[in-house]
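As a plain string of letters, each chain reads:
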Amino acid sequence: MPIVFLPPPLLALTGGRASLEVEGATVGELIENLDRTWPGLRDRLLDGGRLRPHIRVAVDGRISPMGLFEKVSPASEVHFVTAVSGG
Amino acid sequence: MSDRPYEVIGTRPVRHDGADKVTGRAKFGADVRLPGMVYGYVLRSPHAHARIRRLDTTRAEQFPGVLAVVTAADLPESPDRPVDLVEGTLPLRYVRANVLARDKVLYKGHAVAAVAAVNRHVAEEAASLIEVDYEPLPAVLDVLGAMREDAPRVHEDLRMREFGETTERAGNIAEHFRFVLGEVEPSPTGEGLVPKGFADADVIVEREFRTAMVHQGYLEPQNATALWNQDGRVYVWTSTQGAFSAREAIAWVLDLPVSRVCVYPMEVGGAFGGKIRIYLEPVAALLSRKCGRPVQIVMPRRDVFEATGPTPGTVIRVKMGARKDGRISAAQVWMAYETGAFPSGQCAFGAMCILAPYDIPNLVIDGYDVVVNKPSTAPYRAPGATQAAFAAESVVDELAEKLGMDPIEFRLKNAAREGTRRADGPKHARIGCVEVLEAMRNHPHYRAPLEGQNRGRGVALGYWFNIGWYSACTISVNPDGTVNLVEGSVDLSGTRTSIAMQAAEVLGLRPDQVHPVVADTDSIGPTAVTGGSRTTYATGWAAYEAAHDVIRQMKQRAAMIWDVEPAAISFERGVFRTGERTMTFAELAARLEETGGPVIGRGAVNPASAGGSFAGAIADVEVDPGTGKVRLLRFTSLQDAGRAVHPTAVEGQMQGGSAQGIGWALFEEYAWTAEGAMANSSLLDYREPTALDVPPIETVIVEVPDPEHPFGVRGVGEANIVPPPAAIANAVYRAVGVRLRQLPLKASALVDALRAREN
């Protein structure tokens, strides 16, 4: 199963668990399934059905522009990270 | 057949923009001339923090030659919402407030009103007649002071955010974030976390560092020419890093649909991150709407310093522990960045980079973005990372010394590799950290003896993660066998050529047979900003896709001529072939009309973030202990470019970034009066490095291809600025035995430190 890693500010919603194995084939499915076990996570990550503006998702080390539609494999690592830019 | 994997990639053709740039024919924003155009001038706050009690523009409006006056009252008042400004997400009300102050001015230089007149002198004279009644407020100018609960508030409504969630904590801290890896435990005070692993360390170094606010230092000032047309469309000619990001921001501020704004990106005379944000564009547009004429505003140098976006000053504390075997066992970082008048988010970027070169099992990073009454900070080449690397690489150097290890061997022992987990969580993809360090260790500069008194050699490593984002490109085939390439990426550094070269490689053409054009926002698909070292990477990738689309269509035309299936046709090195029959690209290009008409290829990509780039610096210095003057004797920059498309351009980036890093290290800083005014807002007083300060910069391009990119390209625009300040500080220590922990490394501070040691 894919493993979702959560940043420290979200751990209050998961009883302190920073990494969770979750079923799902896309980032969107992972979040829905996470929210069933740990209510509140969806609202903390999404706004209006999309990732909040400052949050990006990294799948297997690369920050995806596809957001909730990004596909994940059973071996994937998924991180929610701060949106990055450049100069 | 050549031994090289590519015919074009890796060569050094003449830049497509070269002739226009060296003959003065390139058109910059201030060169724009439109029929009936008039000139604008912006009135700015003399106070660092004040309430606007009354603003009366009557006398200015009545001044002969004045055509329009605008204030914040002319801005729309659509509902507030978060908007993505490329460099971070901000409430729309903050974006508008930075364009024209409404109730309060938040820094000296904050725009208050603007005048359009028949010439700039009349506009400036009329602006002086605008009456503003200010109620001065206590200014907060120091990042640590601003964090105190009793500090004056820059924004009464600001609440600290944590990972996007607004907390109840009021004050000047805009954002707090924390990265954690490995085993941690509550701190002894009960506030925060500390990493385990210090107990295993044989050596622990804990230091505090400060860096000054510095400016990108581009020569061309911000400028904008706007026409609010009678049909309701707004046309803007401007010096920007992103025509599309500027279009969006202008539309948000003016509450217009993006389709009613067209941005013409002009040639850019330097940007380095400072020309992503908009300043003058909406003001010129509002003036144009009022007077019915095109309006041009060009910032004076003073305004560039006082009212655009420099990089944050910082306070950074780093604690690292290492064992005798040379492995770092734990690291703790506390960092606070002054964002200026509005939140900027750059502390998070610094936190993502500060420990990225190393594999550290246990770490905690706490970061704070803090608002102060200074100009609203903006990205500057690897935003946030140079300050961070100065701190971390100084501590790493000290650890290596205490362990008796060579500083590069120590770094190699702890170097991040593919699969190493970064502080922010994800694992590194394929990276060239080890390869850059090995190139440093093996370079003749590092191995050459350095003789003489008060001379020392320092090294440092830096990282920038690079970004992907969306790009669009079209290629149309000309009947003479050349192609026109239209792209949406503003060219800051010769990217027309590096993008054209990737198309040329696919099409089997010479680079000069590809004619690249940077288009306005009406003429090409959306393309993200030129920043984050993404343009050669992502727009080059779009050109690669467009070129393949051209080849696919050309095969169909050849198939028609030869009466075969397209699949039976191959294309290699500019020649279409089926069986014994061949046709060159140019021969087929001449027959497009009879086989169906024009061939236009399109490419649109939105790649995931790139693999990131590492850079190293080796610096030799000589210190005059009497005056504290630091003279650079030799400097080498090394960087992983993935695949260097145009090595001369890559070397230029490395040299440019190094020169700016040298400026950070030795000279550059905003000097402040007690009232919060910048005391050195001219290029006479703001000390940038000159040719007399910077030795010839040697470059070494390391190539560890990014496996995701069709040519293995990595962005190279930013990582090179990250290591120079730390390398120079480490060299100063090895020259005279004192470590300075504040940028710039001032001569006076060095003399004081040497005297203190003697005493």
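What counts as what
- Residues numbered from 1 in each chain as written.
- Chains lettered and ligands numbered in written order.
- Predicted model: local features only at pLDDT ≥ 70, side-chain atom pairs only at ≥ 80, totals over all residues.
- Helix = DSSP H or I, 4+ residues; strand = E, 2+ residues; numbered from the N terminus.
- Buried ≥ 20, exposed ≤ 12 C-beta atoms within 10 Å, placed from the backbone.
- Contact = placed C-beta atoms within 7 Å.
- Rg over C-alpha atoms; globule rule 2.2 N^0.38 Å.
- Pairing = 2+ DSSP bridges.
- Axes fitted to C-alpha atoms, helices over the stretch in contact; angles between N-to-C directions.
- Parallel < 35°, antiparallel > 145°, perpendicular 65-115°, else oblique.
- Left-handed = near helix turned anticlockwise from the far one by under 90°.
- Nonpolar A, V, L, I, M, F, W, Y, C, P; charged D, E, K, R; others polar.
- Domains from an automatic or database assignment.
- Arc of directions from axis to C-beta.
- Core = buried A, V, L, I, M, F, W, Y, C linked by C-beta atoms within 7 Å.
- pLDDT = per-residue confidence, 0-100.

Draft legend 1. Up close: the overall build of chain A. When its secondary structure is counted, chain A shows two helices and seven strands. For chain A, the α and β elements follow one another from N to C terminus as β-β-α-α-β-β-β-β-β. In terms of overall dimensions, chain A has C-alpha extents of about 40 × 25 × 20 Å along its principal axes. Across the 87 residues that make up chain A, the buried fraction comes to 41%. Contacts in chain A between residues far apart in sequence, at least 24 positions, make up 45% of those at least 6 positions apart.

Draft legend 2. View of the overall build of chain B. Assigned secondary structure in chain B consists of 19 helices and 33 strands. For chain B, whose C-alpha radius of gyration is 27 Å, the value lies close to the compact-globule estimate of 27 Å for 759 residues. For chain B, the C-alpha atoms occupy an extent of roughly 90 × 75 × 50 Å along the three principal directions. For chain B, with 759 residues in total, the buried portion stands at 58%.

Draft legend 3. Representation of the sheet that holds strand 26 (residues 570-572) of chain B within the structure. Residue and element names in this part refer to chain B. Read across the sheet, three strands follow the order 26-27-28 without closing on themselves; strand pairing throughout is antiparallel. Edge positions in the sheet fall to strand 26 and strand 28 (581-584), since each has one partner strand and no second. Strand-to-strand twist in this sheet, taken as the mean axis angle between neighbours without regard to direction, amounts to 25 degrees. This element, helix 15 (residues 535-562), spans strand 26, strand 27 (575-578) and strand 28 of the sheet and lies at about 45 degrees to strand 27.

Draft legend 4. Molecular detail of the packing of helix 14 (residues 495-507) of chain B against helix 15 of chain B. Residue and element names in this part refer to chain B. At their nearest, the axes of helix 14 and helix 15 sit 8 Å apart, and the two run at 30 degrees to each other. Comparing the axis directions of helix 14 and helix 15 gives the class roughly parallel. Here the hand of the crossing between helix 14 and helix 15 comes out right-handed. Mapping the contact onto sequence places Thr495, Ser498, Ile499, Gln502, Ala503, Val506 and Leu507 in helix 14 and Thr535, Thr536, Thr539, Gly540, Ala543, Tyr544, Ala546, Ala547, His548, Val550 and Ile551 in helix 15. For the contact of helix 14 with helix 15, the per-class residue count stands at 10 nonpolar, eight polar and no charged.

Draft legend 5. Focus on the environment of Val268 of chain B. Tracing the backbone through its elements, the reader meets Val268 of chain B in the loop between strand 17 (261-265) and helix 7 (281-291). Beyond its immediate chain neighbours, meaning those up to four positions away, Val268 of chain B contacts Glu220, Ser239, Lys275, Val490 and Leu492 of chain B.

Draft legend 6. Fine view of the interface of chain B and chain A. Taken residue by residue, the interface counts 42 residues in chain B and 24 residues in chain A. Put simply, the parts of the chain that give the side of chain B that touches chain A at least two residues each are strand 4 (82-84), strand 11 (173-181) and helix 9 (346-354) of chain B. Looking at the side of chain B that touches chain A residue by residue, the class counts come to 20 nonpolar, 12 polar and 10 charged.

Draft legend 7. Region of interest: the sheet that holds strand 31 (residues 630-640) of chain B. Residues and elements named next belong to chain B. The mixed open sheet is built from four strands, whose spatial order is 22-30-31-32. The open sheet is flanked by strand 22 (455-464) and strand 32 (697-702), the only strands paired with a single partner. Shown here is a sheet whose adjacent strand axes are inclined to one another by a mean of 15 degrees, direction ignored. Pairing between strand 30 (residues 613-623) and strand 31: nine bridges, direction antiparallel. Bridging from a neighbouring strand, Val621 pairs with Leu632 of strand 31. Contacting strand 22, strand 30, strand 31 and strand 32, helix 12 (residues 433-442) crosses the sheet at an angle of about 30 degrees to strand 30. On the sheet, helix 18 (residues 724-736) packs against strand 22, strand 30 and strand 31 and is oriented at approximately 160 degrees with respect to strand 22.

Draft legend 8. The arrangement of the packing of helix 10 (residues 385-403) of chain B against helix 18 of chain B in detail. Residues and elements named next belong to chain B. Orientation of helix 10 relative to helix 18, taken along the N-to-C sense of each, is 35 degrees, at an axis distance of 7 Å. In the crossing of helix 10 with helix 18, the sense of the turn from one axis to the other is right-handed. Residues Thr386, Ala389, Phe390, Glu393, Ser394 and Asp397 of helix 10 pack against Pro725, Ala726, Ala729 and Asn730 of helix 18. Counted by class, the contact of helix 10 with helix 18 contains five nonpolar, three polar and two charged residues.

Draft legend 9. Focus on unusual backbone geometry. Residues and elements named next belong to chain B. Omega for the bond connecting Leu743 with Pro744 falls within 30 degrees of zero, at -5 degrees, which places this linkage in the cis form. Residue placement: Pro744 occurs in the loop between strand 33 (742-743) and helix 19 (747-758). One non-glycine residue with positive phi stands out, namely Asp255, at about 55 degrees. By the element assignment, Asp255 lies in the loop between helix 6 (243-254) and strand 17.

Draft legend 10. Up close: the domain arrangement of chain B. Residues and elements named next belong to chain B. As far as domains go, chain B holds domain 1 (18-25 + 468-605), domain 2 (32-137 + 218-271 + 275-307) and domain 3 (314-466 + 609-758). Where the side of domain 2 that touches domain 3 is concerned, the elements lending two or more residues are helix 3 (92-99) and helix 8 (301-307). It is helix 8 that contributes the most residues to the side of domain 2 that touches domain 3, five residues altogether. Here the residues of the side of domain 2 that touches domain 3 sort into eight nonpolar, four polar and six charged.

Draft legend 11. Fine view of helix 12 of chain B. Residues and elements named next belong to chain B. Residues Cys433, Val436, Leu437 and Met440 constitute the buried set of helix 12. The arc enclosing the buried residues of helix 12, seen along the axis, measures out at 95 degrees, which places them on a common side. Tucked into the core, helix 12 has its buried residues touching helix 11 (407-413), helix 13 (444-447), strand 22, strand 30, strand 31 and strand 32.

Draft legend 12. Fine view of the environment of Leu51 of chain A. Residues and elements named next belong to chain A. Within the secondary structure, Leu51 sits in strand 4 (residues 50-51). Leu51 sits in the buried class, given 21 other C-beta atoms within 10 Å. C-alpha separation for the pair Leu51 and Phe5, spaced 46 residues apart in sequence, amounts to 16 Å. Here Leu51 is in contact with Leu45, Leu46, Arg56, Val57, Gly67 and Leu68, once residues within four sequence places are set aside.

Draft legend 13. Focus on the nonpolar core. Residues and elements named next belong to chain B. Val115, Ala116, Val283, Ala503, Ile728 and Val732 are the most contacted members of the largest nonpolar core, which totals 277 residues. With 11 residues, the single largest contributor to this core is helix 15. Excluding its chain neighbours within four sequence positions, the residues that come into contact with Ala503 are Ile475, Leu485, Val514, Ala543, Ala546 and Ala547.

Draft legend 14. Region of the structure containing the environment of Asn373 of chain B. All names here are of chain B. Position of Asn373 among the secondary structure elements: in the loop between strand 21 (363-371) and helix 10. Taking the C-beta count within 10 Å as the criterion, Asn373 has 28 such neighbours and is therefore assigned buried. In this structure the C-alpha to C-alpha distance between Asn373 and Ile728, which are 355 residues apart in sequence, comes to 31 Å. If we ignore the near neighbours within four places in the chain, the residues touching Asn373 are Ala48, His49, Leu106, Tyr107, Ala139, Val140, Leu141, Val154, Ala341 and Gly676.

Draft legend 15. Examining the confidence of the model for chain A more closely. On average, chain A scores 92 in pLDDT, and the residues at 70 or more come to 100%. Mean pLDDT across the elements of chain A bottoms out in strand 6 (residues 62-64) of chain A (89) and peaks in strand 1 (residues 3-5) of chain A (97).

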